[in-house]
Amino acid sequence: MSKTLIVVDMQNDFIDGSLGTKEAQAIVDNVKAKIRTYQENGDEIIFTRDTHTKDYLDTNEGRNLPVEHCIEGTEGWKIAEGLEVPGATYINKPAFGWLKWDTFDLEEVELVGLCTDICVVSNALIIKAAFPEINVTVDASCCAGVTPETHKAALETMRMCQVRIIGES
């Protein structure tokens, strides 16, 4: 059975940029180690990038979260240094969740990244809905939310929707 690691939005703006947090900074080494394990096993790795345009503040999301972030081509939009993998798939997604996961041949999925309570939970639930019979796992030690409280709430929401949660401390 092939395994796929989905690295959600491990971008500079979410780590130490305009929406960065100390919790996001704290998971970078864990995410690096997880990526390395998947690489060593020859498994598929997919990165998502939150991708906005210069008119972000005029969008619905921008009106609700008026902090410019992940503007395509900027330093904040880039995947954090040391995480990118040659040959991996990169998806530029304009919203919280990527709606085209059903175009992939997914058999077993693990998600890591940012933010647990927005984009990780959105993608985990979209994948679970598109592929109800596959195992979907989220490694909590490789995720961080907007706040520690909303991180925990998102983990519980995913658990209730039959997403396996590992790596909780």
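Quantities reported herein were computed from a predicted structural model and do not represent experimental measurements. (Residues numbered from 1 in each chain as written. Predicted model: local features only at pLDDT ≥ 70, side-chain atom pairs only at ≥ 80, totals over all residues. Heavy atoms only, no water.)

Undergrad: Could you clarify how one ought to interpret the pattern of salt bridges in this entry?
TA: Two side chains carrying opposite charge are able to pair once their charged atoms lie near each other. Taken as a whole, this structure holds 8 salt bridges when the rule is applied. Its salt-bridge partner being Asp 50, residue Lys 93 comes within 3.9 Å of it at the nearest N-O pair. Here the residue Lys 93 occupies a position in strand 3 (residues 89–93), and Asp 50 occupies one in strand 2 (residues 44–50), the gap between them amounting to 43 residues. For the pair Lys 93 and Asp 50, one class covers both residues: buried. The shortest N-O distance in the salt bridge between Glu 156 and Arg 159 comes to 2.7 Å. Of the two residues, Glu 156 and Arg 159 both sit in helix 5 (residues 148–160), 3 residues apart, roughly one turn of that helix. The exposure class assigned to Glu 156 is partly exposed, which follows from its relative accessible area of 38%. (Salt bridge = Lys/Arg side-chain N within 4 Å of Asp/Glu carboxyl O. Helix = DSSP H or I, 4+ residues; strand = E, 2+ residues; numbered from the N terminus. Buried < 20%, exposed > 50% of the residue type's maximum accessible area, 1.4 Å probe, protein only.)

Undergrad: In this structure, what is going on with the environment of Ile 165? I would like to understand it.
TA: Assignment of secondary structure puts Ile 165 in strand 6 (residues 164–166). Among the residues examined, Ile 165 registers a relative accessible area of 14% and is labelled buried. Residues Ile 165 and Leu 155, 10 residues apart in the sequence, show an inter-C-alpha distance of 7.0 Å. Aside from chain neighbours lying at most four places away, what touches Ile 165 is Val 138, Ala 140, Leu 155, Met 158 and Arg 159. (Contact = heavy atoms within 4.5 Å.)

Undergrad: Help me understand unusual backbone geometry in this model?
TA: Outside of glycine, negative phi angles account for most residues, and trans bonds account for most peptide bonds. The amide bond that connects Leu 114 to the next residue, Cys 115, takes the cis arrangement and shows omega of -20°. Examined against the element boundaries, Cys 115 turns out to sit in the loop between strand 4 (108–114) and helix 4 (116–130). The backbone of Asp 9 shows a phi angle near 50°, a positive value even though the residue is not glycine. Following the sequence through the fold, Asp 9 ends up in the loop between strand 1 (3–8) and helix 1 (12–15). At Cys 70, a position not held by glycine, the phi torsion is positive, near 50°. Relative to the elements of secondary structure, Cys 70 occurs in the loop between helix 3 (60–64) and strand 3.

Undergrad: Teacher, can you tell me more about the pairing of strand 4 here?
TA: Every other side chain in a regular strand lies on the same face of the sheet, so the side chains alternate between the two faces. Most of strand 4 sits out of view: 6 of its 7 residues are buried. Sheet analysis places strand 1 next to strand 4, joined by 6 bridges and oriented parallel. Bridge pairing in strand 4 links Val 8 to Gly 113. In the sheet, strand 4 pairs with strand 5 (residues 135–144) via 6 bridges, with the strands oriented parallel. When the sheet's bridge partners are listed, Glu 110 is paired in strand 5 with Thr 137. Chirality of the crossover, the property in question, places the unit of strand 4, helix 4 and strand 5 among those that are right-handed. (Pairing = 2+ DSSP bridges. Right-handed = clockwise from strand over helix to strand, strands pointing away.)

Undergrad: How do you make sense of the packing of aromatic side chains when you look at a structure like this?
TA: By convention here, two paired aromatic rings are described through the distance between centres and the angle between planes. Applying the stated criterion across every chain yields a total of 2 aromatic pairs. Consider the rings of Phe 47 and Tyr 90, whose centres lie 4.8 Å apart with planes at 5°: the pair is stacked. Note that Phe 47 is positioned in strand 2 and Tyr 90 in strand 3, a separation of 43 residues in sequence. A relative accessible area of 0% means that Phe 47 is categorised as buried. The class for Tyr 90 is partly exposed, based on a relative accessible area of 24%. The interplanar angle of 45° and the centroid separation of 5.5 Å between the aromatic rings of Trp 101 and Phe 104 together place this pair among those described as tilted. Neither residue differs from the other here; Trp 101 and Phe 104 are each classed as buried. (Phe/Tyr/Trp six-rings, centres within 6.5 Å; stacked < 30°, edge-to-face > 60°.)

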